[in-house]
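# Working through the structure, step by step
Now for the letters of each chain:
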Number of protein chains: 2
Amino acid sequence: MTRVAIQGEAGSFSHAAVIALYGSDGGVLPCASFEDLFRAVERGDAARGLVPIENTLAGSVHENYDLLTAHALSVVGETELRIRHCLVARRGATLQDVVRVASHPVALAQCRRFFSEHPALVAVPSYDTAGSVRDLMAGTLAADAAIASALAAELYGAAILAESLEDHPENYTRFLVVSREPVAVAGASKISLTFTTPNVPGALHRVLGIFAARDLNLTKIESRPLPGRPWEYLFYLDFAGDAPDHARSAVEELRAFAPMVRVLGMYPDRALSRAAGATPT
Amino acid sequence: MTRVAIQGEAGSFSHAAVIALYGSDGGVLPCASFEDLFRAVERGDAARGLVPIENTLAGSVHENYDLLTAHALSVVGETELRIRHCLVARRGATLQDVVRVASHPVALAQCRRFFSEHPALVAVPSYDTAGSVRDLMAGTLAADAAIASALAAELYGAAILAESLEDHPENYTRFLVVSREPVAVAGASKISLTFTTPNVPGALHRVLGIFAARDLNLTKIESRPLPGRPWEYLFYLDFAGDAPDHARSAVEELRAFAPMVRVLGMYPDRALSRAAGATPT
């Protein structure tokens, strides 16, 4: 069994992503914070960690970009999960029994239309989606229902009163799989790296050119401030392409230009691995 | 007097930035949310709005990037403010009298070292920095002191017990000045624009090349997800350069390539305007 550190309780969307990736072979180690998750993988308490890095509605999870830099873990894979919010209550309850609905503020914010269509319901912010279901079933939740994953309902023996509560159906979260040691993965067609640029005009254009010249396609760019160096940035880029040799020679050329380069990992593109039915690392 | 909409109470860091920009000529219209700020400028309740867009420690204010897209305001200027956190209490109070210290969670998080050096103090999250000082002086704050700007202490007649509480001295916030109508500004050397890229490899590299070829220097890049189009992005770029003609011809070339282009504004670079002692628009 691969033990995977996640942030949040069992039954969270991270847990659902672990099951999608590893099937029943994936045991989870719930962590209170993302910092705890990174530390658990560093210490070897879990073989892997699953880190949400961006959502198609909310954007990047900047805290986790910062944690990738603060820690020395390797990215060895990625996956994406459709986020489907369910209204979860005790078995036997009906929508008429529900007044207070608890969930994480981000989940509540993604279900605004549901609340405006049901004006009698009161949204109650809580610390966790799945944790709210657990507390509901334990009788310690200050609400009659929770918004969480279908997995949370199943895990804690609760009932699903309504499904797909989210305002936008195109609600996906991309997760990175992190590991203490780099893993040589057959078919690695994606590379994640971070770098600083020298203070010269056109620096980022030149960096992108290094990859474009090798047919490596930029799939994501993110920048974060460099503490202590106002208005300078650390860049995070993901490229997808067919030839690992091209990625290696691009990184070599980048190292000759950029003051700092770190390859976070090379791993299979999630779209390609789905098509090939690959086994996760 | 130029009336400027700000988010937060009088005495906030946004208010301090208005005074730095407009001097005593700047009256403020406090707004409860950033959305309210944009609406106030749209309606003409305020001639300008001052929008924090990035901080050198926390990074971009993504909500405000999204609001720039959701509203049709023009960017007509920018400024930056050094963020100095003060411990503010009632006159006559000493540090020994203080147990509970209230402030906005972001301000509290930027003063972690101060709290670890004063273990007797308890951090109490509140909705606003300056609002906490106002409530303190009105006797309605559930704390003995607040962390806020020196301006807030002055405005509400409070005392400053300690200054520069922030962990990192290099703590600056950059603000954009927004207006309902575009303003033709002499010496506009900066351009902010937003665009989508066609779905072809190397698209962003090609866009950056349009500007690099004209010696327009990229000073900031940000991307936000496009709702309903998973893993596609809206890009926000700022360029600085000497020749407005170059910026205009670059935008023309960009329009021929990108599916969507919007120029948010052309305005004087804050570094250059400081040097020239320019009057704000």
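To be clear, the structure that these remarks concern was listed above.
Here is a short report on the structure shown in this document. Nothing here was measured: the structure is a model prediction, and the numbers come from that model.

Right, let's talk about helix 2 (residues 34-43) of chain B for a bit. Residues and elements named next belong to chain B. Within helix 2, burial applies to Phe-34, Leu-37, Phe-38, Ala-40 and Val-41. In an axial view of helix 2, the angular spread of the buried residues amounts to 160°, which keeps them on one side of the axis. For helix 2, the secondary structure elements touched by its buried residues are strand 1 (2-7), strand 2 (26-31), strand 3 (48-55), helix 3 (62-70) and strand 11 (172-179). Trailing helix 2 by a residue or two, Gly-44 shows a phi angle of about 90°, which is positive.

Residues and elements named next belong to chain A. Spatially, 8-7-9-6-10 is the arrangement adopted by the five strands of the open sheet, whose pairing is mixed. In this open sheet, the two edge strands, each paired with only one partner strand, are strand 8 (122-125) and strand 10 (159-162). Taken pair by pair, the neighbouring strands of this sheet meet at an average axis angle of 40°, ignoring direction. On top of the sheet, helix 6 (residues 129-138) reaches strand 6 (86-89), strand 7 (100-103) and strand 9 (145-148); it is set at about 150° to strand 9, its chief contact.

Let's shift gears to the environment of Ile-210 of chain A. Residues and elements named next belong to chain A. Mapped onto the fold, Ile-210 is located in helix 8 (residues 203-212). Residue class for Ile-210 comes out buried when judged on its relative accessible area of 4%. Sequence separation between Ile-210 and Tyr-233 is 23 residues; the distance between their C-alpha atoms is 19 Å. Apart from the residues lying within four places of it in its own chain, the contact partners of Ile-210 are Ala-250, Glu-253 and Leu-254.

As a further point, take the sheet that holds strand 13 (residues 217-225) of chain B. Residues and elements named next belong to chain B. Ordered in space as 13-14-12-15, the four strands form an open sheet in which the pairing is antiparallel. This sheet does not close on itself; its edge strands, each paired only once, are strand 13 and strand 15 (260-267). The sheet shows a mean angle of 15° between the axes of neighbouring strands, direction not considered. Two elements, strand 12 (residues 190-196) and strand 15, share seven bridges in a ladder whose sense is antiparallel. Residue pairing for strand 15: Lys-190 is matched across the bridge by Tyr-267. Against the sheet, helix 3 makes contact with strand 13, strand 14 (233-240) and strand 15, and its axis sits at roughly 85° relative to strand 13, the strand it touches most.

Criteria and thresholds
Residues numbered from 1 in each chain as written. Chains lettered and ligands numbered in written order. Predicted model: local features only at pLDDT ≥ 70, side-chain atom pairs only at ≥ 80, totals over all residues. Heavy atoms only, no water. Buried < 20%, exposed > 50% of the residue type's maximum accessible area, 1.4 Å probe, protein only. Helix = DSSP H or I, 4+ residues; strand = E, 2+ residues; numbered from the N terminus. Arc of directions from axis to C-beta. Contact = heavy atoms within 4.5 Å. Pairing = 2+ DSSP bridges. Axes fitted to C-alpha atoms, helices over the stretch in contact; angles between N-to-C directions.

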